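Here is how the chains run, residue by residue.
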Amino acid sequence: MSDEEHHFESKADAGASKTFPQQAGTIRKNGYIVIKGRACKVVEVSTSKTGKHGHAKCHFVGIDIFNGKKLEDIVPSSHNCDVPDVNRTEYQLIDISEDGFVSLLTENGNTKDDLRLPTDEPLLTQIKDGFAEGKDLVVTVMSAMGEEQICALKDIGPK
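Residues numbered from 1 in each chain as written. Predicted model: local features only at pLDDT ≥ 70, side-chain atom pairs only at ≥ 80, totals over all residues. Heavy atoms only, no water.

- Looking at an unreviewed UniProt entry, one finds the chain named Eukaryotic translation initiation factor 5A and attributed to Cocos nucifera.
- In its Sequence similarities (unreviewed entry) section, the UniProt record describing the chain reads: "Belongs to the eIF-5A family." (UniProt positions renumbered as here; feature names shortened; annotations may be inferred.)

If you want it as structure tokens, here you go:
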């Protein structure tokens, strides 16, 4: 045995998958599905009957949870689809920078400065107005497949 120490630089994450497989026939409306590499909320599901070549097919219509675009996909109901792991986290808003980034306070007391203001106009106006008035705001951040975006706002009273 040698006495020298080994140092490894780890650049890998914990290996938690951004998606998980689920049988197409079990995905329902208001669930989530990956269509064309984008995390979508399912708004419509229709299932066709089995034809002479076997498989019943599921027709999914989904809305991208980050940019609002409508996407469609048709998958045999016995096959697996990717379902994104969607998380919602609440952070307290500390500051809004001039270049459109927000500074958020995490639960453990650290700051998170890598998020942009949302592109959704009504939500953007609410955040800017509320912050200008000096209100204590809590924003809800939705994250899926390595993307994050502010999706909701709560006013927890004046400072």
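### Remarks on the overall build of the chain
Right, on to step 1. What the chain contains, in helices and strands, is 1 helix and 11 strands.
Right, on to step 2. Traced from its N-terminal end to its C-terminal end, the chain shows the element sequence β-β-β-β-β-β-β-β-β-α-β-β.
Right, on to step 3. If you take every contact in the chain between residues at least 6 apart in sequence, the share linking residues at least 24 apart comes to 47%.
Right, on to step 4. Roughly 10600 Å² of accessible area belongs to the chain as shown, and the carbon and sulfur atoms make up 49% of that amount. (Helix = DSSP H or I, 4+ residues; strand = E, 2+ residues; numbered from the N terminus. Contact = heavy atoms within 4.5 Å. Areas by Shrake-Rupley, 256 points an atom, 1.4 Å probe, with all protein chains shown as cover.)

### Quick notes on the nonpolar core
Right, on to step 1. In terms of nonpolar packing, the biggest core is built from 14 residues, with Leu93, Val102, Leu104, Ile127, Val139, Val141 and Ile150 touching the most fellow members.
Right, on to step 2. Going through the elements one at a time, β7 (87–96), β8 (101–105), α1 (121–132) and β10 (135–144) are the ones with two or more residues in this core.
Right, on to step 3. Residues contacting Leu93, with those up to four places away along its chain left out, are Val102, Ser103, Leu104, Ile127, Phe131 and Leu137.
Right, on to step 4. The next biggest cluster of nonpolar side chains, apart from the first, holds 12 residues, and it includes Ala24, Cys58, Leu71 and Val75. (Core = buried A, V, L, I, M, F, W, Y, C linked by side-chain atoms within 4.5 Å. Buried < 20%, exposed > 50% of the residue type's maximum accessible area, 1.4 Å probe, protein only.)

### Regarding α1
Right, on to step 1. Between its first and last C-alpha, α1 extends 16 Å over 12 residues, near the 16 Å set by a 1.5 Å rise per residue.
Right, on to step 2. Where α1 ends, the next residue or the one after it, Gly134, has phi of about 80°, a positive value. (Expected span 1.5 Å × (residues − 1).)

### Some words on unusual backbone geometry
Right, on to step 1. Even without being glycine, Lys36 reaches a positive phi, approximately 50°.
Right, on to step 2. Looking at the secondary structure, you find Lys36 in the loop between β2 (32–35) and β3 (38–47).
Right, on to step 3. Although it is not a glycine, Met145 sits at a positive phi angle of roughly 55°.

### Brief notes about the confidence of the model for the chain
Right, on to step 1. Within the chain, residue pLDDT values average 84, and 88% of them lie at 70 or more.
Right, on to step 2. With pLDDT under 50 throughout, residues 10–15 is counted as low confidence; its partners more than four residues away or in other chains account for 1 contact. (pLDDT = per-residue confidence, 0-100.)

### A closer look at the environment of Leu93
Right, on to step 1. As for its placement among the helices and strands, Leu93 is situated in strand β7.
Right, on to step 2. Along the sequence, Leu93 and Leu153 sit 60 residues apart, while their C-alpha atoms lie 9.7 Å from each other.

### Remarks on the pattern of salt bridges
Right, on to step 1. By the definition in use, this model includes 7 salt bridges.
Right, on to step 2. A salt bridge links Asp64 to Arg38; the nearest nitrogen and oxygen atoms lie 2.5 Å apart. With Asp64 in strand β4 (residues 57–64) and Arg38 in strand β3, this residue pair connects regions lying 26 residues apart in the sequence.
Right, on to step 3. Looking at Asp64, the relative accessible area reads 3%, which means it is buried.
Right, on to step 4. Linking Lys154 and Glu90 is a salt bridge whose minimum nitrogen-to-oxygen distance equals 3.1 Å. Taken together, the positions of Lys154 in strand β11 (residues 147–158) and Glu90 in strand β7 put the pair 64 residues apart, joining distant regions of the chain.
Right, on to step 5. With a relative accessible area of 41%, Lys154 lands in the partly exposed category.
Right, on to step 6. Through salt bridges with shared partners, a single ionic network connects Arg38, Asp64 and Glu147. (Salt bridge = Lys/Arg side-chain N within 4 Å of Asp/Glu carboxyl O.)

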